[in-house]
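A look at the structure
Letter by letter, the chains look like this.
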Amino acid sequence: MRQARADEYAEFAVARAGHLYRSACLLTAGDTHLAEDLVQETFGRLYVRWGRVSRVENPAGYAQTVLTRAFLAHQRRRSSRERATDVFPDLPGAGDGDASLRLTLLDALARLPAKDRAVVVLRYWEDRSIEETADVMNVSSAAVRTRCSRALGRLRELLGEDLAEYARS
C-alpha cells in the first residue's frame, strides 16, 4: 500500500514539476534559485500530506495553492530580500521566443510588491478566477480585484508605451 502511494506521489511530482517551477519563476520575478527552493518546499509539504491530497478533487490546484502560500510566507521573512544573483542561467528552451521581452516582463514583475505579483501570476498566468485567487491568498474577492487593478496599472506605468507592442508580439 505504501509503495503504491509513493509511486502515485512520484508520478504526480514528475508531471507537475515543470509547471510549478515556471509559476515559481514568475512569482519570484526570475529568481531561479528561490523558485527551485519554493518548488522543493511545496513538494515536501505535499509528500507529508499526500494521503489526503491525493483524494482532493484537484491535486494540481492544491499544489499551486501550497506554492503560492510558500512564496507569500517567504516574502514576509526578513531574509527574503536576499538575491543570489541578477544573472539568469541558460535554461533549456531559453532561445525560443523573444528573450528581451521575457526579461522586460520579468523585470516589471520584480518591481511589483509580492502580493501584487502573486495576484497577477494567479489571475493571468494560472488563469484562475477572482474567487480562486482570493481563496489561495486568504483574502477577499474585493482585495483581489483591487490588487489586480493596481498591479496592472503599475505594470502599464513600468512598461509605458511599449505595452501595446508587447501585447502584439
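Everything quoted here is computed from the prediction, not taken from an experiment. Along each chain, the written sequence defines residue order, and numbers are assigned to residues from 1. With the structure being a predicted model, the display of local features is reserved for residues of pLDDT at least 70 and the display and counting of side-chain atom pairs for 80 or more, all residues being used for whole-chain, interface and lining totals. Where side-chain values are given, they derive from all heavy atoms of the structure, hydrogens and water being excluded.

As a further point, take the packing of helix α4 (residues 59-76) against helix α6 (residues 114-125). For any two helices packed against each other, the geometry is given by the interaxial angle and the distance between the axes. Axis definition: a line fitted to C-alpha atoms, over the contacting stretch in the case of helices. Angles run 0 to 180 degrees between N-to-C directions. The helix count covers DSSP runs of H or I at least four residues long, the strand count covers runs of E at least two residues long, and both are numbered beginning at the N terminus. In the contact formed by α4 and α6, the axes pass within 10 Å of each other and the chain directions differ by 165 degrees. By the angle between their axes, α4 is roughly antiparallel relative to α6. With respect to the hand of their crossing, α4 and α6 are arranged in right-handed fashion. Of α6, the residues touching α4 (which contributes Gln-64, Thr-68, Phe-71, Leu-72 and Gln-75) are Ala-114, Lys-115, Arg-117, Ala-118 and Leu-122. A per-class count over the contact of α4 with α6 returns 5 nonpolar, 3 polar and 2 charged. Here the angle decides the label: under 35 degrees means roughly parallel, over 145 means roughly antiparallel, 65 to 115 means roughly perpendicular, and every other value means oblique. Take the far helix as the reference: if the near one is turned anticlockwise from it by less than a right angle, the crossing is left-handed, and if turned clockwise, right-handed. Residue contacts follow a heavy-atom distance rule, with two residues in contact if any of their heavy atoms lie within 4.5 Å. Under this grouping Gly is polar, as are all residues other than the nonpolar Ala, Val, Leu, Ile, Met, Phe, Trp, Tyr, Cys and Pro and the charged Asp, Glu, Lys and Arg.

Once that is clear, we can look at the pattern of salt bridges. Basic side-chain nitrogens of Lys or Arg form a salt bridge, by our definition, when they fall within 4 Å of a carboxyl oxygen of Asp or Glu. Taken as a whole and judged by the stated rule, the model has 4 salt bridges. Here Arg-147 ties to Asp-116 by a salt bridge, and the two come within 2.7 Å at their closest N and O atoms. Of this pair, Arg-147 sits in helix α8 (residues 141-159) while Asp-116 is found in helix α6, placing the two residues 31 residues apart along the sequence. Given the relative accessible area of 28%, Arg-147 is considered partly exposed. Burial classes: relative accessible area under 20% of the type maximum marks a residue as buried, over 50% as exposed, and values in between as partly exposed (1.4 Å probe, protein chains only).

In this section: unusual backbone geometry. Phi is positive for Ala-29, which is not a glycine, with a value near 55 degrees. With respect to the element layout, Ala-29 can be found in the loop between α1 (2-27) and α2 (32-48). Look at Ala-29 and you get buried, because its relative accessible area is 6%. The residue Asp-127 is not glycine, and still its phi comes out positive at about 55 degrees. For Asp-127, the location among the structural elements is in the loop between α6 and α7 (130-137). On the basis of relative accessible area, Asp-127 is assigned to the exposed category, the value being 66%.

Classification of ring pairs uses Phe, Tyr and Trp, with its six-membered ring standing for Trp, and accepts pairs whose centres are within 6.5 Å; under 30 degrees between planes counts as stacked, over 60 as edge-to-face, and the remaining range as tilted. Considering all chains together, one arrives at 3 aromatic pairs under this definition. Relative to Trp-50, the ring of Tyr-9 has its centre 5.4 Å away and its plane inclined at 75 degrees; by these criteria the two rings are edge-to-face. Separated by 41 residues along the polypeptide, Tyr-9 in helix α1 and Trp-50 in helix α3 (residues 50-53) bring together distant segments of the chain. Assigned by exposure class, Tyr-9 and Trp-50 land together as buried. Considering the side-chain rings of Phe-12 and Trp-50, the 5.1 Å spacing of their centres and the 40 degrees angle between planes classify their relative orientation as tilted. Of the two residues, Phe-12 is situated in helix α1 and Trp-50 in helix α3; the sequence distance between them amounts to 38 residues. Judged on exposure class, the residue Phe-12 and its partner Trp-50 are both buried. In this structure an aromatic cluster arises from ring pairing among Tyr-9, Phe-12, Tyr-47 and Trp-50.

For the rest of this paragraph, the subject is α1. At every residue, the bend is computed as the angle between two fitted axes, covering the seven residues ending there and the seven beginning there respectively. The principal kink in α1, of about 45 degrees, is found at Arg-16. Taken together, the buried positions of α1 are Tyr-9, Phe-12, Ala-13, Leu-20, Ser-23, Ala-24, Cys-25, Leu-26 and Leu-27. Positive phi appears at Ala-29, one or two residues downstream of α1, with a value of about 55 degrees.

On to the confidence of the model for the protein, then. By definition, pLDDT measures how confident the predictor is in each residue, and it falls between 0 and 100. For the protein, the mean per-residue pLDDT works out to 83, and 82% of the residues sit at or above 70. Confidence scores differ between elements of the protein, with helix α9 (residues 162-168) showing the lowest mean pLDDT of 56 and α2 the highest of 93.

Along the polypeptide, Asp-135 turns up in helix α7. When the C-alpha atoms of Asp-135 and Thr-65 are compared, they prove to be 8.6 Å apart, with 70 residues separating the residues in sequence.

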